[in-house]
Amino acid sequence: QVQLVESGGGLVQAGGSLRLSCAASGRTFSTYAMGWFRQAPGKEREFVAAITWNRGITYYADSVKGRFTISRDNNKNTVDLQMNSLKPEDTAVYYCAANPRTVLEVIRGINDYWGQGTQVTVSS
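Because the structure is a prediction, the values reported are computed rather than measured.

**A look at unusual backbone geometry**
Move 1: Non-glycine residue Asn-77 carries a positive phi angle of around 60 degrees.
Move 2: Among the structural elements, Asn-77 can be located in the loop between β7 (68–73) and β8 (78–83).
Move 3: The phi angle at Ser-85 is positive, at roughly 50 degrees, despite the residue not being glycine.
Move 4: Mapped onto the secondary structure, Ser-85 falls in the loop between β8 and β9 (92–99).
Move 5: Since its relative accessible area comes to 41%, Ser-85 is described here as partly exposed.

**Notes on the packing of aromatic side chains**
Two aromatic rings, taken as a pair, are described by how far apart their centres are and by the angle between their planes.
Move 1: Evaluation of the coordinates by the stated rule reveals three aromatic pairs.
Move 2: Taken together, a centroid distance of 6.1 Å and an interplanar angle of 45 degrees make the contact between Tyr-32 and Tyr-113 tilted. Residue Tyr-32 is found in the loop between β3 (18–25) and β4 (33–39), and its partner Tyr-113 is found in strand β10 (residues 113–114); the two are separated by 81 residues along the sequence.
Move 3: Residues Phe-37 and Phe-47 carry aromatic rings whose centres are separated by 5.7 Å and whose planes lie at 70 degrees to one another, so their mutual orientation is edge-to-face.

Scoring rules and cut-offs
Residues numbered from 1 in each chain as written. Predicted model: local features only at pLDDT ≥ 70, side-chain atom pairs only at ≥ 80, totals over all residues. Heavy atoms only, no water. Helix = DSSP H or I, 4+ residues; strand = E, 2+ residues; numbered from the N terminus. Buried < 20%, exposed > 50% of the residue type's maximum accessible area, 1.4 Å probe, protein only. Phe/Tyr/Trp six-rings, centres within 6.5 Å; stacked < 30°, edge-to-face > 60°.

Coordinates in, geometry out; function isn't part of it.
Laid out in structure tokens, this is it:
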């Protein structure tokens with residue numbers, strides 16, 4: 001069983017930065033592929049970024065590539081999302097997700113565990 005708790009959301013002006021953090025409980029966290037998703041009002045949840053459990057290989061949605069960076073610390077059981085050059089269209093609730101199998105499933109939204117989400121609002 002893995003529990004995920006996100007933090008770090010808030011209100012920021014366009015062009016600013018935020019760092020989201022996801023704290024995971026459970027001894028097997030280090031073997032889980034992890035990801036971040038977001039859901040804007042009236043839209044479906046969409047993939048943002050993912051990271052493998054062992055080599056830390058990262059994947060990004062085209063819309064955030066070059067602006068967002070996902071990282072993980074298996075000693076602290078955390079996965080972070082550094083968001084730079086934020087745009088109003090980045091406004092959404094951001095969710096952390098965990099998958100014990102493959103990062104490809106993470107990207108496809110097939111995840112065993114989800115956090116409650118944290119709100120990110122970018123003003124123009």
